[in-house]
Amino acid sequence: MNKVQSWGSIILFCILIFGFGIVTLVSPDAEYSKTENRTLAQMPKVRLQTILDGTFESDYEEYLTDQFVLRDSWIALKTTVERAAGRTQINDIYFAEDDYLIEAHTGTFTAAQAQTNIQLLAQFAEQYAAVFGTDHMTVMIIPNAVDILREKLPAFASPYDEEEYLTQIETALAEVLAETAAVADAEDEPASVWFDARSVLSEHSGEEIYYRTDHHWKTLGAFYVYQAWAAPQGFAVPALEQYEIETVTDSFEGTIQSKLGIHTVTDSIELFRNTEEPAYTVEMDKSGELLESIYDYSALETKSKYDIFFGGNNALTQIRTQAETGRKILVIKDSYAHCFVPFLISEFDEIDVLDIRYYNQELSALISEGEYTDLLFLYNASGFAEDTSLTKLLY
């Protein structure tokens, strides 16, 4: 009887291990996860070179992880079991105070790509600070919640890599601009293109400036940074009372929560409407279709409710306003800029919003032909560190 039970256990184990693997391989591959709001890994092509250098094995492991049958259910079960065991960090996500789910970004800021991106940005700044002047070019790298909301993290969390990484970026930018000034035999030390968003957000860390379930900052956080940035740019410094704040949903469940496969709390999304905002039109990717709003309310009916801003990521969004200020800005960005850009509408006649990850034309041609007066580079820290498309900055 014991032998029968043993063989039964072995057979059941083989069915679970190999059966699910076989079903995964024969099932159609999903291209996109609506739950996690990201593209899923696809079956890598078999090449001798990728097998020899280990790339195929790594890509294949990622493919199996993304395409495993009943993947979402297994993730939810794993999270539930680990939470029951008292774990406060699962899948590189902290379960923090006040129901915050905060990504740890372990290894992100010390990786080779992160260091490469600092050098690419420094070369870009060196090239275009000479074009725009340091008073019309700004680099904002917005810190993530793990850096600003440290007091909410579990005991023994050590979120210090990001702070050091931001310092490295600031230093690299200062060094290349100092070298440029030295070559030009400038008398005065050059002004920096770096804007310290970290110090601004740290002053408001007790307020709701990040989503609890998503990796983005909230519009309130973007407002505080814009407010601090406005005066050095020569803009009127807005007061919070100048805006009508509209809560468009209180049922947003973001990408961090989705990675855990469970439901915790829901977030609200707020839009800040300037009561003195000029009229404007919006054109996406030079489609020729002019829209009257940057907000896509249909996104509120989907999982990706944050896409209410611009309908999500587009290669090039062009906003034409009736501000009549004589200024035109190019914003090179990731999705953190989506809730920041609306604050620019009152100060620029034209706002071109470029996502270089999806833009396949020469950036240098766009800048030379665009007749921009200002340039803003706005990314979140982890997104900047991980972006593999930043070589396009130098094209």
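Residues numbered from 1 in each chain as written. Predicted model: local features only at pLDDT ≥ 70, side-chain atom pairs only at ≥ 80, totals over all residues. Heavy atoms only, no water.

When helices and strands are counted, the protein shows 12 helices and 14 strands. Per-residue burial over the protein gives 48% buried out of 395 residues. Sequence separation of at least 24 residues holds for 68% of the intrachain contacts in the protein that already meet a minimum separation of 6. Counting only carbon and sulfur atoms, one obtains 52% of the accessible surface of the protein, whose full area is about 19600 Å². (Helix = DSSP H or I, 4+ residues; strand = E, 2+ residues; numbered from the N terminus. Buried < 20%, exposed > 50% of the residue type's maximum accessible area, 1.4 Å probe, protein only. Contact = heavy atoms within 4.5 Å. Areas by Shrake-Rupley, 256 points an atom, 1.4 Å probe, with all protein chains shown as cover.)

On to the packing of aromatic side chains. If you walk through the whole model with that rule in mind, you get 25 aromatic pairs. Between Y211 and Y306, the ring centres sit 6.2 Å apart and the planes meet at 90°, which makes this aromatic pair edge-to-face. With Y211 in the loop between helix 8 (197–202) and helix 9 (219–230) and Y306 in the loop between strand 10 (290–291) and strand 11 (316–321), this pair connects stretches of sequence that are 95 residues apart. For the pair Y211 and Y306, one class covers both residues: buried. Through a chain of ring-to-ring contacts, three or more aromatic side chains come together here, namely F223, Y224, Y226, W229, F235, Y243, F272, F340, F343 and F348. (Phe/Tyr/Trp six-rings, centres within 6.5 Å; stacked < 30°, edge-to-face > 60°.)

Running from N to C, helix 5 (residues 112–132) and helix 11 (residues 363–370) point in directions that differ by 10°, and their axes come no closer than 12 Å. By the criterion of interaxial angle, the relationship of helix 5 to helix 11 is roughly parallel. Here F124, Y128 and F132 of helix 5 lie close against helix 11, whose contacting residues are L363, S364 and I367. For the contact of helix 5 with helix 11, the per-class residue count stands at 5 nonpolar, 1 polar and no charged. (Axes fitted to C-alpha atoms, helices over the stretch in contact; angles between N-to-C directions. Parallel < 35°, antiparallel > 145°, perpendicular 65-115°, else oblique. Nonpolar A, V, L, I, M, F, W, Y, C, P; charged D, E, K, R; others polar.)

This part is about the environment of Y165. Secondary-structure assignment places Y165 in helix 7 (residues 161–183). Here Y165 is in contact with F109, A114, Q115, N117, I118, A381, F384 and A385, once residues within four sequence places are set aside.

What follows covers the sheet that holds strand 5 (residues 101–103). Here we have 3 strands laid out as an open sheet, ordered 3-4-5, and antiparallel in their pairing. At either margin of the open sheet sits one strand with a lone partner, and together these are strand 3 (89–90) and strand 5. (Pairing = 2+ DSSP bridges.)

Under the 1.5 Å per step criterion, the end-to-end length of helix 5 is 30 Å for 21 residues, consistent within 8% with the ideal 30 Å. Roughly 25° is the biggest bend found in helix 5, and it falls at E126. Along helix 5, the residues classified as buried are A114, N117, I118, L120, L121, A122, F124, A125, Y128, A129 and F132. Looking at the residues trailing helix 5, positive phi occurs at G133, about 85°. (Expected span 1.5 Å × (residues − 1). Bend = angle between axes of the 7 residues up to and from the residue.)

In this section: the pairing of strand 14 (residues 374–380). Counting buried positions along strand 14 gives 7 out of 7 residues, so the element sits mostly inside the fold. Of the two faces of strand 14, the one lined by D374, L376, L378 and N380 and the one lined by L375, F377 and Y379 are each fully buried. Where strand 6 (residues 137–142) and strand 14 come together, 6 bridges link them in parallel fashion. Bridge pairing links I142 to N380 in strand 14. The sheet contact formed by strand 12 (residues 328–333) and strand 14 spans 5 bridges and is parallel. Of the residues in strand 14, the one forming a bridge with I329 is D374.

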